[in-house]
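# Examination of the molecular architecture
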Amino acid sequence: MTDPDLPTTGPSQAALARARALAALDGAELGDRLVVRAHHGDGARDALGELTDRTADTVTIATRRGPVTVRRSDVVAAKPVPPPPPRRARRSEVEPSS
């Protein structure tokens, strides 16, 4: 159902999100921490890590599982993220309280 008072032309929400994502990728510096969501098969795949390479067609994110290269044409969303939290000490390394 559409509202006749609302404009029906203009970019879709998906197109706006993609434009914001590509702007975030273009504005990021190598070494910045990002999350990038891209089409992958019938679904989507996220890559979280540091931006290590950027070409006209791809971006490469260094994830914990290794580098992930994503085609810019597959990008659905992207944004900068804060650094990971510091690692917590193991239970055996924590001194018992008295």
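First, a word on scope: everything that follows refers to the structure included in this document. Since the structure is predicted, the reported quantities are computational estimates derived from the model, not experimental observations. (Residues numbered from 1 in each chain as written. Predicted model: local features only at pLDDT ≥ 70, side-chain atom pairs only at ≥ 80, totals over all residues. Heavy atoms only, no water.)

## Some remarks on the pairing of strand β1 (residues 33-40)
Sheet topology note: the β1/strand β2 (residues 43-54) ladder contains 8 bridges and is antiparallel. In the strand pairing of β2, V35 is matched with L48. Between β1 and β2, which pair antiparallel in sequence order, lie 2 residues; one of them, G41, sits at a positive phi of approximately 65°. As defined by bridge partners, β1 adjoins strand β5 (residues 75-80) across 5 bridges and the pair is classed as antiparallel. The partner of A38 across the bridge, within β5, is V75. (Pairing = 2+ DSSP bridges. Helix = DSSP H or I, 4+ residues; strand = E, 2+ residues; numbered from the N terminus.)

## A closer look at the environment of D74
Along the chain, D74 turns up in the loop between β4 (66-71) and β5. We classify D74 as buried; its relative accessible area is 18%. Between the C-alpha atoms of D74 and R18, which are 56 residues apart in sequence, the distance is 9.5 Å. Residues in contact with D74, not counting those within four places in the same chain, are R37, A38 and H39. (Buried < 20%, exposed > 50% of the residue type's maximum accessible area, 1.4 Å probe, protein only. Contact = heavy atoms within 4.5 Å.)

## Things to note about the nonpolar core
Counting 15 residues, the largest nonpolar core has L25, L34, V36, L51, I61, V70 and V75 as the members making the most contacts within it. Going through the elements one at a time, α1 (13-27), β1, β2, β3 (58-63), β4 and β5 are the ones with two or more residues in this core. Ignoring any residue separated from it by four or fewer positions in sequence, one finds L25 in contact with L34, V36, R54, V59, R72, V75 and A78. (Core = buried A, V, L, I, M, F, W, Y, C linked by side-chain atoms within 4.5 Å.)

## Some remarks on the side chain of T60
With respect to the helices and strands, T60 occurs in strand β3. Accessibility expressed as a relative area gives 11% for T60, which makes it buried. With residues near it in sequence (within four places) discarded, T60 still touches E50, L51, T52, D53, P67, V68 and T69.

## Here we look at α1
In an α-helix, one full turn covers 3.6 residues, which means residues spaced three or four apart are oriented alike. If you check α1, its first and last C-alpha atoms are 21 Å apart, about what 15 residues at 1.5 Å a residue would give, namely 21 Å. All of the buried residues along α1 are A21, L22 and L25. Each buried residue of α1 lies within a common arc of 95° when the element is viewed along its axis, so the set occupies one face. Every exposed residue of α1 that faces more than 90 degrees away from the buried side is listed here: Q13, R20 and G27. Here the buried face of α1 lies against β1, β2, β3 and β5. (Expected span 1.5 Å × (residues − 1). Arc of directions from axis to C-beta.)

Interpretation note: all reported values are geometric properties and have no functional meaning in isolation.
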